[in-house]
Amino acid sequence: MARELTEQLFTEALAGGTAEGFFKLISYYQTQSEPAYCGLATLAIVLNALAIDPGRTWKGPWRWFDDSMLDCCEPLEKIKTQGITFGKVACLAVCNGAQVETFRADQSCLEDFRKHVISCTSSDDCHLIVSYHRAAFKQTGTGHFSPIGGYHAGKDMVLILDVARFKYPPHWVPLPLLWEGMNTIDKATGHHRGFMVISKLQKATSILYTMSCRHEGWNIVAKYLTEDIPHMFCSGNLKDVNDVLCMVFKSAPPDLREFIKWIAEVRRPDDGSTILSEEEKGRLTLKEEVLKQLRETELFKQVTRFLAIGSSLCNNVAPLDYKERLADIAANVCCQGAELLTGRSSNKLCCKETNVKLIKDDSKDPITMVSGTVITDGTEQTVDMLIPSSQTEPGCLCDFEKNDCCGIHPSIGDGLTALLFALPQDTWLSLKEEKLRGQMKGLTSVDSLPTLLQEEVLHLQRQLHFLKADLNVSSST
């Protein structure tokens, strides 16, 4: 399309009020740093345009989204070779503080798509990401992600801000033709492509927990949680809550514990100081409050009781040790820090000299900090991780000399409780006993939870919702 016509279309769209978000998007417009990073680059542009705080620095003191930081749902090295799916991009957006509405082409229609395009291009409070096949435009390549920068009502055309700028500059395409490109099936998932509307979440996103897809068996666990458990309830003769927990954990895939993760507060000790900023203290306080609220629920009491006693009554149940050694926690969070700093998960990453410190602060309780040296590609870097804690039982103390911790810091019992809260409510409808069905619905009800914990659980439910859509995934753009 001739440059003069492109400029004319943009000028007319701007005058018509359907290029309102263009200038914010173009301010953060970037070229994808890898051939398969189109989804990551697109999302980074949109998150920055919405002024969402990444909660960590990019380089130096700058808080900024870069495609290399978007790895909470999939290891970057895997995305680099295989790309990323529609559902995983949505999950990444949720992980990073965005409100997401997804629309696959087979669940929407051309007119609905046009309405959303007009709505988003008439405001700078939301942006639209499209997933389409390039063949519709006779372009080279296959599946692709890019943001929409404007809409021309008279010509019924949209402005695609193509993130593969080494191939194509921003260009206008007929909206029906773009719909045609979206109304195609991603062979990797068997699902249609589509579009998603991204806006800023007006409340706290994940504070303490997240669902992790960084291990190979994540899709098996997701299927187990959303499909297999209800089917097992249909055939089981369960009498009480312990029977339910026994069945859920007895048949669980080995990677269940890897699916739900708590997030350490990672910091770079640039000057060797252990003094915490007010921001770090604030985030750690929120994490500890979530942990405290979780442990005050009746569901947590049921889970810990089961882990302590009930699991011995289940045949063939591998022990799920609630009492985790602090040394193991330290090693785990050091690995978290290594992956966060390097942007990848690899056997080549190594943590050494992991030490646990107690920092005396203005608050009455000391702060637990794990310090470790991360080695990657022969380069060493020191990293500190702040570990939230919640003393729920006066007699349950950590013995630092023996590296043993009983329930003060996040443990398997907390994670499994959060995971049960995140299950869809219709999971329990398959239970045969009406009384038990009511008990489980009551124990896992989100409505009665304190606000902070409720938002945490709703975040996990949104993650699971988007991951469920990609269950038969073998990631591909």
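Just above sits the structure.
What counts and what doesn't
Residues numbered from 1 in each chain as written. Predicted model: local features only at pLDDT ≥ 70, side-chain atom pairs only at ≥ 80, totals over all residues. Heavy atoms only, no water. Pairing = 2+ DSSP bridges. Helix = DSSP H or I, 4+ residues; strand = E, 2+ residues; numbered from the N terminus. Axes fitted to C-alpha atoms, helices over the stretch in contact; angles between N-to-C directions. Contact = heavy atoms within 4.5 Å. Left-handed = near helix turned anticlockwise from the far one by under 90°. Nonpolar A, V, L, I, M, F, W, Y, C, P; charged D, E, K, R; others polar. Phe/Tyr/Trp six-rings, centres within 6.5 Å; stacked < 30°, edge-to-face > 60°.

A. Quick peek at the sheet that holds strand 4 (residues 157-160). Taken together, the six strands give an open sheet; going across it, the order is 1-8-2-3-4-5, and neighbouring strands pair in antiparallel fashion. Each edge of the sheet is formed by a strand with only one pairing partner; in this case those strands are strand 1 (98-104) and strand 5 (171-174). Going across the sheet, the axis of each strand differs from the next one's by a mean of 35°, ignoring polarity. When strand 2 (residues 126-133) meets strand 3 (residues 143-152), the two strands line up antiparallel, connected through five bridges. Looking at the pairing, isoleucine 129 lines up with proline 147 of strand 3. Along the sheet face, helix 3 (residues 38-49) touches strand 1, strand 2, strand 3 and strand 8 (194-200) and points at about 40° away from the line of strand 3. Contacts from helix 7 (residues 175-182) reach strand 2, strand 3, strand 4, strand 5 and strand 8 within the one sheet, and its direction differs from that of strand 2 by about 65°.

B. Spotlight on the packing of helix 3 against helix 5 (residues 86-95). It is the contact of helix 3 with helix 5, at a shortest axis distance of 10 Å, that shows an interaxial angle of 35°. Read as a crossing pair, helix 3 and helix 5 show a hand that is right-handed. Residues Gly39, Leu40 and Leu43 of helix 3 form the contact with helix 5, whose participating residues are Val89, Leu92 and Ala93. Broken down by class, the residue content of the contact of helix 3 with helix 5 amounts to five nonpolar, one polar and no charged.

C. Inspection of the packing of aromatic side chains at higher detail. Counting across every chain of the model gives 10 aromatic pairs. Here tyrosine 28 and tryptophan 64 contribute two aromatic rings whose centre-to-centre distance is 5.3 Å and whose plane-to-plane angle is 55°, an arrangement assigned as tilted. Of the two residues, tyrosine 28 is situated in the loop between helix 2 (22-27) and helix 3 and tryptophan 64 in the loop between helix 3 and helix 4 (76-82); the sequence distance between them amounts to 36 residues. Put simply, the rings of Phe103, Phe113, Trp179 and Phe195 pair up and form one aromatic cluster.

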